[in-house]
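Breakdown of the fold
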Amino acid sequence: MDYTYRDIAKMIDHSLLNPILTDEEMERGCRIAREYDVASVCIKPYYLKRCAELLAGSEVRPSTTIGFPHGGHTTAIKVAEAKQALDDGGIELDMVVNIGKVLSGDWAYVRDDIRAVVEITHERGGIVKVIFENCYLQDEHKIRLCEICAEVGADFVKTSTGFGSGGATIEDLKLMRKYSPPHVQVKAAGGIRTLDALLEVRAIGVTRVGATRTVEILEECKRRLGIV
Amino acid sequence: MKLGFVSAILPDLSLQEVMQFAADEGFDCVELMCWPVGKAERRYAGVTHIDVATLDDAKIAEIRALCERTGVSISGLGYYPNVLSPHPEEASACLEHLKKVIAASARLGVGLVNTFIGRDWTRSVEENWERFVQVWKPLIAYAEEMGVRIGIENCPMLFTRDEWPGGKNLATSPAIWRRMFAEIPSDHFGLNFDPSHFVWQQMDYLKPLREFSTKLFHIHAKDARVDKHRLDEVGILATPLEYHVPKLPGLGDVDWGKFFSVLSDVGYEGAVCIEVEDRAYEKTLETRQQALRQSARYLRQFMAGGK
């Protein structure tokens, strides 16, 4: 085994983004994330402040989404969302690109949109993961987005919201790893439900996954490592 | 395959009594009804063998011990409301309760919930579609998060004037299932298939078993008899109970030999639960229990394994 429990746990962004999750369910989700000591909790924006309180004193980072899930918000709104998220204690922000603008080939717009969120977030010490929503894109779009993300200094490129018509695929992850420079990390989201799926993407250079089945994945990890 | 029954037909028995009856009669499993406690809105609904609203760790342990002791497993939790009802309060109450049933299924280690898609029966399939996607996409994502599969029964929920003209469940045909599963591709989203509903709709109930073999999460064994003399009087546009009668397996038009023949060919290994909705057998608890006995005796000839 080439991994420790911590290696795996610190790859997981525990996702609490489903629109039908209640306060009580999100509260429970935060406690689980803390107990299993994952990388972050990615929670619906309105609950980020409470999430940060629940995670205070732990190594689990509060995070949320920007322009979720369709990415069509104006840049000003995305920036305002980012500001509020940072004010509320968010450290990692998962931002959706303007998918329609990507498909239109308006790269200047797409670049400015991402850059605006990256700048404000970096100024305040946070990091940005840029969600492509690959299920709607062709390879040429994904490659161009990798180049733009590198250029504007995004910290991660990320496959999906988990709410489009498809999630992370091995082909896309390989492509994103290949066309991103080493300092830009790759996050897989949508469909990573087992430890084996996580290990498979880890093997090709993915360093973070969005997961909802966190407990099952990490219990399986403990079992394999013989941790009681 | 495992032989069981749907607990809705035994509303007068407690959970313990249902499981004991199942054990005494040699059933492998039971689909347990999980309606909210309260008044039933229609026949066969409103039965609560597990109250998911008050399910705590102690009750979970109790239910698991009951399964252990009787040797009868829970094939799925059943709750068949209309989450797409045009009445917003009803729809949201159903949705809230369905989420609780899903969470309960996870906590009990059952992993399956059987239900309906629902429908605004006054509108067309097309007019229902956007709302279907809006409600079900997050719901299936929620089920995935919980590790619970959702089996949708193919009942049109159109029997009398009350559900006319569209019925209260969208998932009535292979054409709609295809579109439904393309819209929400998930290995947690499948079928609780009941051949009887295809009989009265004049549809082939064998062909879908092949195409949708990976989506067969659960089977209801109910039969139906189309009364030609009635159909000749009223035509197919009449409300369906005017020309067909739900019956016990073996007493209607389903060819169960062929049904199990194809079911075993496609590799189905799950539960087959007898669903008694035959009014000729509903006079007393004793006759309803006899209906389950008779149905089990008839179906066992087609099933390898089990008890």
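Given the structure is predicted, the values throughout are model-derived calculations rather than measurements. (Residues numbered from 1 in each chain as written. Chains lettered and ligands numbered in written order. Predicted model: local features only at pLDDT ≥ 70, side-chain atom pairs only at ≥ 80, totals over all residues. Heavy atoms only, no water.)

Residues and elements named next belong to chain A. Here we have 8 strands rolled up into a closed barrel, ordered β1-β2-β3-β4-β5-β6-β7-β8, and parallel in their pairing. For this sheet the average axis-to-axis angle between neighbouring strands, irrespective of direction, equals 25 degrees. Relative to strand β7 (residues 185–188), strand β6 (residues 156–158) runs parallel, the two being bridged by 3 bridges. By the bridge assignment, Lys158 is partnered in β7 with Lys187. (Pairing = 2+ DSSP bridges. Helix = DSSP H or I, 4+ residues; strand = E, 2+ residues; numbered from the N terminus. Axes fitted to C-alpha atoms, helices over the stretch in contact; angles between N-to-C directions.)

To continue, consider the interface of chain B and chain A. Where the parts come together, the accessible area they lose is often given as the size of the interface. Each partner contributes residues to the interface: chain B has 12 residues there, and chain A has 12 residues. With both chains or domains summed, chain B and chain A bury close to 1100 Å², and 50% of this area falls on carbon and sulfur atoms. Taken as a group, Lys99(B), Pro138(B) and Glu145(B) account for 43% of the area that chain B buries against chain A, more than any other trio of residues on that side. We note a salt bridge from Lys99(B) to Glu25(A), for which the minimum N-O separation is 3.1 Å. Counting the contacts that link chain B with chain A gives 8 residue pairs in polar contact (both at pLDDT 80 or more). The element contributing the most residues to the side of chain B that touches chain A is helix α4 (residues 125–146) of chain B, with 7 residues. Here the side of chain B that touches chain A is composed, by residue class, of 5 nonpolar, 2 polar and 5 charged. (Contact = heavy atoms within 4.5 Å. Buried area = accessible area lost by both parts, 1.4 Å probe. Salt bridge = Lys/Arg side-chain N within 4 Å of Asp/Glu carboxyl O. Polar contact = N/O pair within 3.5 Å; in protein donor to acceptor, adjacent residues only side chain to side chain. Nonpolar A, V, L, I, M, F, W, Y, C, P; charged D, E, K, R; others polar.)

Next up on the list: empty space enclosed by the protein. Under the counting rule described, the total for this entry stands at 1 cavity of 30 Å³ or more. Here the lining of the largest cavity is built from residues that sort into 4 nonpolar, 3 polar and 1 charged. (1 Å grid on protein atoms, 1.4 Å probe; cavity = no way out; pocket = protein on both sides within 12 Å on 5 of 7 lines; lining within 4 Å. Points joined across faces, edges and corners; volume = space filled by probe spheres on them.)

Moving on, we come to the confidence of the model for chain B. The predicted model of chain B averages 96 in pLDDT, with 99% of residues at 70 or higher. The ipTM, which scores confidence in the relative placement of chains, is 0.80 for this predicted complex, and the corresponding pTM is 0.89. (pLDDT = per-residue confidence, 0-100.)

Residue and element names in this part refer to chain A. Where helix α2 (residues 23–36) contacts helix α3 (residues 48–55), the axes come no closer than 10 Å and their chain directions differ by 35 degrees. As for the relative orientation of α2 and α3, their crossing is right-handed in sense. When α2 is examined against α3, the residues Glu27, Cys30, Arg31 and Arg34 are found in contact with a partner set consisting of Arg50, Cys51, Leu54 and Leu55. (Left-handed = near helix turned anticlockwise from the far one by under 90°.)

Residues and elements named next belong to chain A. Evaluation of the coordinates by the stated rule reveals 45 salt bridges over all chains. Across the salt bridge formed by Glu151 and Arg111, the nearest N and O atoms sit 2.9 Å from each other. Pair noted here: Glu151 is in helix α7 (residues 139–152) and Arg111 is in helix α6 (residues 107–123), with a separation of 40 residues, a long-range link. We note a salt bridge from Arg144 to Glu147, for which the minimum N-O separation is 3.1 Å. Highlighted residues: Arg144 and Glu147, both in helix α7, separated by 3 residues, approximately one helical turn. Within this structure, Asp13, Arg61, Glu92, Asp94, Lys129, Lys158, Lys187 and Arg208 form a network of salt bridges that share partners.

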